[in-house]
Amino acid sequence: MLRPREILRSRTQQLHQNTESQLHWDQVFSSRSAYQRFLLAMLRITIPADEAINRQLSNQEPSWLADRRTSAWLVDDFRKIEDGAVSLDDTENVADFDFVDSLAQAAGVAYVLEGSAMGGAILARSLEERLHITADSGGKYLHGYGKQTGAHWGAVTSWLDAVLTEPAMIDNAVDAAAQTFSIFGQQLHEFRS
């Protein structure tokens, strides 16, 4: 029998691949200004997503929750590279995560957000090579958990397996993950093909 994490992966794999393949990281890393716009787009996703996750997990305290990447990391990155060309106040059109009204849906959103850290190390290297931005100078969000990324992801996926106990919960998590991938595509439209 497949574990919930495996079902989430298999049922969202095509959406994940489509979202990822349509993003042009060369554009994101083409200039500091482009990278700032990317950070703003990510803030439009993570601010409401963090709120939705926190709202649903307020009665739970999974071990990974306290240490997760959040929109605060993006704000810190933005401020470290801010040059006035793009304003942090330009966060209109934030993503709508009002659909998250259950633990299962929060799990689906967390699956996408936390899973994105897995590719972050590769992106952080490109950011440093192209724009000379390190984890300490504006690339913390992409750098993510560094050497602890695998352990963090293991804690998240173990939690998913523990809380998604019913087929309907898994279906709700898959639907929320699918909506989250769609939101990523919408908010990052500037960097899509």
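Whatever comes next refers back to the structure up there.
Keep in mind that this is a model prediction, so the values were computed, not measured. The residue numbers shown here count from 1 along each chain, following its written sequence. Totals for whole chains, interfaces and linings use all residues, but because this is a predicted model, local features are given only for residues with pLDDT of at least 70 and pairs of side-chain atoms are given and counted only at 80 or more. Values reported for side chains reflect all heavy atoms of the structure, with hydrogen atoms and water molecules removed beforehand.

1. Some words on the overall build of the protein
Runs of H or I in DSSP of at least four residues are treated as helices and runs of E of at least two as strands, each being numbered from the N terminus. Per the secondary structure count, the protein includes 9 helices and 0 strands. Reading the helices (α) and strands (β) of the protein from amino to carboxyl end gives α-α-α-α-α-α-α-α-α. Taken over the C-alpha atoms alone, the protein extends approximately 50 × 35 × 30 Å along its principal axes. Buried residues are those whose accessible area, probed at 1.4 Å on protein chains only, stays under 20% of the maximum for their type, while exposed residues exceed 50% and partly exposed ones sit between those limits. The proportion of buried residues among the 193 residues of the protein is 48%. For the protein, the accessible area works out to roughly 9500 Å², and carbon and sulfur atoms hold 47% of it. Charge assignment: positive for Lys and Arg, negative for Asp and Glu; neither His nor the chain ends contribute. For the purpose of locating charges, the reference atoms are NZ of Lys, CZ of Arg, CG of Asp and CD of Glu. Across the protein, 17 positive and 26 negative side-chain charges occur, with their mean positions spaced 6 Å apart. All accessible-area figures derive from a Shrake-Rupley calculation using a 1.4 Å probe, and residue coverage is judged against the displayed protein chains alone.

2. A look at the pattern of salt bridges
If charged atoms from side chains of opposite charge come close, those side chains can pair. In the sections that follow, a salt bridge refers to a side-chain nitrogen of Lys or Arg positioned within 4 Å of a carboxyl oxygen of Asp or Glu. Tallied over the entire structure, the rule returns 8 salt bridges. Note that Asp161 is salt-bridged to Arg5, the shortest N-O span being 2.6 Å. Here the residue Asp161 occupies a position in helix α8 (residues 149–163), and Arg5 occupies one in helix α1 (residues 4–22), the gap between them amounting to 156 residues. According to the relative accessible area criterion, Asp161 is buried, its value standing at 18%. Residue Glu190 pairs with Arg37 through a salt bridge whose shortest N-O separation is 2.5 Å. Placement of Glu190 in the segment after α9 (167–187) and of Arg37 in helix α3 (residues 32–56) is noted, with a sequence separation of 153 residues between them. Look at Glu190 and you get partly exposed, because its relative accessible area is 36%. The class for Arg37 is partly exposed, based on a relative accessible area of 30%.

3. Concerning the packing of aromatic side chains
Aromatic rings from Phe, Tyr and Trp, with only the six-membered ring used for Trp, were paired whenever their centres fell within 6.5 Å, and each pair was classed as stacked if the ring planes differed by under 30 degrees, edge-to-face if by over 60, and tilted otherwise. As enumerated under the stated definition, the model contains 9 aromatic pairs in all. Taking the centre distance of 6.4 Å and the plane angle of 70° together, the rings of Phe38 and Phe191 count as edge-to-face. Of this pair, Phe38 sits in helix α3 while Phe191 sits in the segment after α9, and the two are 153 residues apart along the sequence. An identical accessibility class is assigned to Phe38 and Phe191; each is buried. One aromatic cluster in this structure is built from Trp25, Phe29, Tyr35, Phe38 and Phe191. Whether a charge sits over a ring depends on NZ of Lys or CZ of Arg being within 6 Å of the ring centre and within 35 degrees of the ring normal. Here Arg69 stacks its cationic end above the ring of Tyr141, 4.0 Å away from the centre of that ring. Taking the ring centre of Trp73 as reference, the NZ or CZ of Lys140 above it sits at 4.4 Å.

4. Structural notes on the nonpolar core
Side chains that are nonpolar tend, in soluble globular proteins, to be buried together. Within the largest apolar cluster, 63 residues are counted, with the highest numbers of intra-cluster contacts made by Tyr35, Phe38, Phe97, Val109 and Leu164. At the level of secondary structure, the elements contributing two or more residues to this core comprise α1, α3, α4 (71–81), α5 (103–115), α6 (120–131), α7 (140–143), α8 and α9. The leading source of residues in this core is α3, at 12 residues. Throughout, a contact is declared for two residues whenever any of their heavy atoms are within 4.5 Å. When sequence neighbours within four positions are dropped, the list of residues in contact with Val109 reads Ala49, Ile53, Phe97, Phe99, Val100, Ala176 and Thr180. Buried Ala, Val, Leu, Ile, Met, Phe, Trp, Tyr and Cys residues form a nonpolar core when they are joined through side-chain atoms within 4.5 Å.

5. As for unusual backbone geometry
Non-glycine residue His132 carries a positive phi angle of around 60°. Among the structural elements, His132 can be located in the loop between α6 and α7. Relative accessible area serves as the criterion here: at 63%, His132 is assigned to the exposed category.

6. Examining α1
Expected helix span is given by 1.5 Å per residue-to-residue step, counting one fewer step than there are residues. Counted at 1.5 Å a residue, the expected span for α1 with its 19 residues is 27 Å, and the 27 Å between its end C-alpha atoms agrees. The bend at a residue is defined as the angle formed between two axes, one fitted to the seven residues ending at that residue and one fitted to the seven starting there. Where α1 bends most, at Thr12, the angle is about 55°. Among the residues making up α1, those that are buried are Pro4, Ile7, Leu8, Thr12 and Thr19. Against α5, α8 and α9 lie the buried residues of α1.

7. Thoughts on the environment of Val94
With respect to the element layout, Val94 can be found in the loop between α4 and α5. For Val94, a relative accessible area of 44% translates into the label partly exposed. Each C-alpha atom, one on Val94 and one on Ala49, is 9.9 Å from the other, the two residues being 45 residues apart in sequence. Residues within four places of Val94 in sequence aside, it is in contact with Arg44, Pro48 and Gln187.

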